[in-house]
Amino acid sequence: MDAGILLGIALIATGSFSAASFAVPFGKTAGWKWETYWMVFSFGSCILFPLIACILFAPDFVSIFRVTPPTTLLAVFALGAVYGVGNLCFGLGLRYLGLSLGYALSLGLMLAIGTLIPPLIDGRLQIMIQESGGTLLLMGVLVACVGVGLSAWSGILKDRHVSDAKKQESIGEFNLVKGILSAVLVGILGSAMSLGIEQGRPISANALQLGVDPLFTAMPVMLVILSGTMVTVIVWCLYLGFRNKSLKEYVAAASPKALRANYLLCLLAGLLWFSQFILYGMGRSTMGPFTFTSWGILMALSIVFATVWGLIRKEWKGAPTRAYVLMTASLLLLITASFMIGISGSE
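The notes below deal with the structure included here.

The rules we used
- Residues numbered from 1 in each chain as written.
- Predicted model: local features only at pLDDT ≥ 70, side-chain atom pairs only at ≥ 80, totals over all residues.
- Heavy atoms only, no water.
- Core = buried A, V, L, I, M, F, W, Y, C linked by side-chain atoms within 4.5 Å.
- Buried < 20%, exposed > 50% of the residue type's maximum accessible area, 1.4 Å probe, protein only.
- Helix = DSSP H or I, 4+ residues; strand = E, 2+ residues; numbered from the N terminus.
- Contact = heavy atoms within 4.5 Å.
- Axes fitted to C-alpha atoms, helices over the stretch in contact; angles between N-to-C directions.
- Parallel < 35°, antiparallel > 145°, perpendicular 65-115°, else oblique.
- Left-handed = near helix turned anticlockwise from the far one by under 90°.
- Nonpolar A, V, L, I, M, F, W, Y, C, P; charged D, E, K, R; others polar.
- Expected span 1.5 Å × (residues − 1).
- Salt bridge = Lys/Arg side-chain N within 4 Å of Asp/Glu carboxyl O.
- Patch = residues over 30% accessible without salt bridge, like charges linked within 9 Å, V, L, I, M, F, W, Y side chains within 5 Å.
- Areas by Shrake-Rupley, 256 points an atom, 1.4 Å probe, with all protein chains shown as cover.

1. Focus on the nonpolar core
Then comes step 1: Within the largest apolar cluster, 82 residues are counted, with the highest numbers of intra-cluster contacts made by Phe-22, Phe-26, Trp-38, Met-193, Met-219, Phe-274 and Trp-295.
Then comes step 2: Counting residues per element, this core draws most heavily on helix α12 (residues 219-244), at 11 residues.
Then comes step 3: In this structure Phe-274 touches Ser-45, Phe-49, Pro-50, Ala-53, Met-219, Met-222 and Leu-226, once residues within four positions along its chain are discounted.

See the structure below:
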């Protein structure tokens, strides 16, 4: 196997761990409603840290945007706004299902759709299918979907056997129906991120021509995409803030110390979430011409790490042995699928 592919998988796997860990700080916030901490988190993950990353790794990013066709910038921005809707639904999915099941259902759909749709649109999937790698890619996506199905099944078994009181201990607002509906929307709309990254390849190409290190040419693309995402978040979270009379929470908490802690925790969540794209962009740059395979690796391994976090947070406490067996099988399948998808581009 090409050493560059292995390096890419390792970098993306590290990004997956960061992505799976981002919601953990939310459990420590005090006195803030969902829309408040999601707004602060989104400011960090969509604006502050992407801007810092561009300043550090692509300091001439304004010039990169100037030489990029406005239609490309607008398309990538619009896809980011669509992804923003999926991102909001993702937050709800975690709120109602917890880390392990919320990630499995949401990211499982994003894996299949986000891996296959972008190359189907630009023709690279057809080229890949004509070679042996195309078969391996499709098999990898299929194995991942089976893994996600087993993960969902294990979650349903857990739901049937664990009392409502125990569910509330680990997931304060557990609601299976609302959570599944949110996850389906995440899978469909959240895949716009993958499409936006692929549509933003001209931006990355311009960054490379202007001297940006190949490992970091995705940073200007992420700034454009996530700016669109932030617009969606602002609209929705302000609406909820007015409706729920929670806007005062931005300046009020139990104490000044608690308020500072809430901001720091939400910004930490934003840093963890955005870090996945720094590492994803680095790993993606080593994957050869079929960069879209990187998305499947990111999603599959994010589900694996999120499930581990779910176990640590005791979200599976009281679940039957059968549920644990299915969950373990799903993790093994997802890890296998990530490698199948990763090496398919080198076949």
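2. Regarding the side chain of Ser-204
Then comes step 1: Structurally, the position occupied by Ser-204 is in helix α11 (residues 201-209).
Then comes step 2: A relative accessible area of 13% places Ser-204 in the buried class.

3. Focus on the environment of Gly-310
Then comes step 1: Structurally, Gly-310 can be placed in helix α14 (residues 293-312).
Then comes step 2: Judged by its relative accessible area of 0%, Gly-310 falls in the buried class.
Then comes step 3: Distance in space between the C-alpha atoms of Gly-310 and Gly-102 is 9.8 Å, their sequence separation being 208 residues.

4. Here we look at the packing of α12 against helix α13 (residues 256-284)
Then comes step 1: It is the contact of α12 with α13, at a shortest axis distance of 10 Å, that shows an interaxial angle of 140 degrees. The orientation of α12 with respect to α13, classified from their angle, is oblique. Seen from above, α12 lies across α13 with right-handed handedness. Residues Met-219, Met-222 and Leu-226 of α12 touch α13, and the partners they reach there are Trp-273, Phe-274, Phe-277 and Ile-278.
Then comes step 2: Here the contact of α12 with α13 is composed, by residue class, of seven nonpolar, no polar and no charged.

5. A few points about the packing of α11 against α12
Then comes step 1: Direction vectors running N to C along α11 and α12 enclose 140 degrees, while the axes themselves pass 8 Å from each other. With respect to each other, α11 and α12 are oriented oblique. Note on packing geometry: the crossing formed by α11 with α12 is right-handed. Facing α11, whose interface residues are Ile-203, Ser-204 and Ala-207, α12 presents Pro-220, Val-221 and Val-224.
Then comes step 2: Split into classes, the residues belonging to the contact of α11 with α12 amount to five nonpolar, one polar and no charged.

6. Observations concerning the environment of Met-110
Then comes step 1: Relative to the assigned elements, Met-110 resides in helix α5 (residues 99-122).
Then comes step 2: For the pair Met-110 and Ala-183, spaced 73 residues apart in sequence, the C-alpha separation works out to 9.5 Å.

7. Some details on α12
Then comes step 1: Between its terminal C-alpha atoms α12 stretches 36 Å, which fits the 38 Å expected from 26 residues at 1.5 Å a residue.
Then comes step 2: Immediately downstream of α12, the backbone of Lys-245 shows phi near 55 degrees, a positive value.

8. Focus: the pattern of salt bridges
Then comes step 1: Within this structure, the stated rule accounts for two salt bridges.
Then comes step 2: As a salt-bridge pair, Glu-249 and Lys-33 come within 3.8 Å of each other at their nearest N and O atoms. Of this pair, Glu-249 sits in the loop between α12 and α13 while Lys-33 sits in the loop between α1 (3-21) and α2 (34-57), and the two are 216 residues apart along the sequence.
Then comes step 3: By relative accessible area, Glu-249 is classed as buried at 9%.
Then comes step 4: Exposure remark for Lys-33: the relative accessible area of 38% places this residue in the partly exposed category.
Then comes step 5: In this structure, Glu-198 and Arg-201 form a salt bridge, with 3.9 Å as the shortest nitrogen-oxygen distance.
Then comes step 6: Relative accessible area serves as the criterion here: at 5%, Glu-198 is assigned to the buried category.
Then comes step 7: Note on Arg-201: relative accessible area 35%, which makes it partly exposed.

9. So, a nonpolar patch on the surface
Then comes step 1: The grouping of Leu-74, Phe-77, Val-231 and Val-235 at the surface amounts to a nonpolar patch, some 360 Å² of accessible area in total.
Then comes step 2: Elements that contribute at least two residues to the nonpolar patch include exactly α4 (70-97) and α12.
Then comes step 3: Position of Val-235 among the secondary structure elements: in helix α12.

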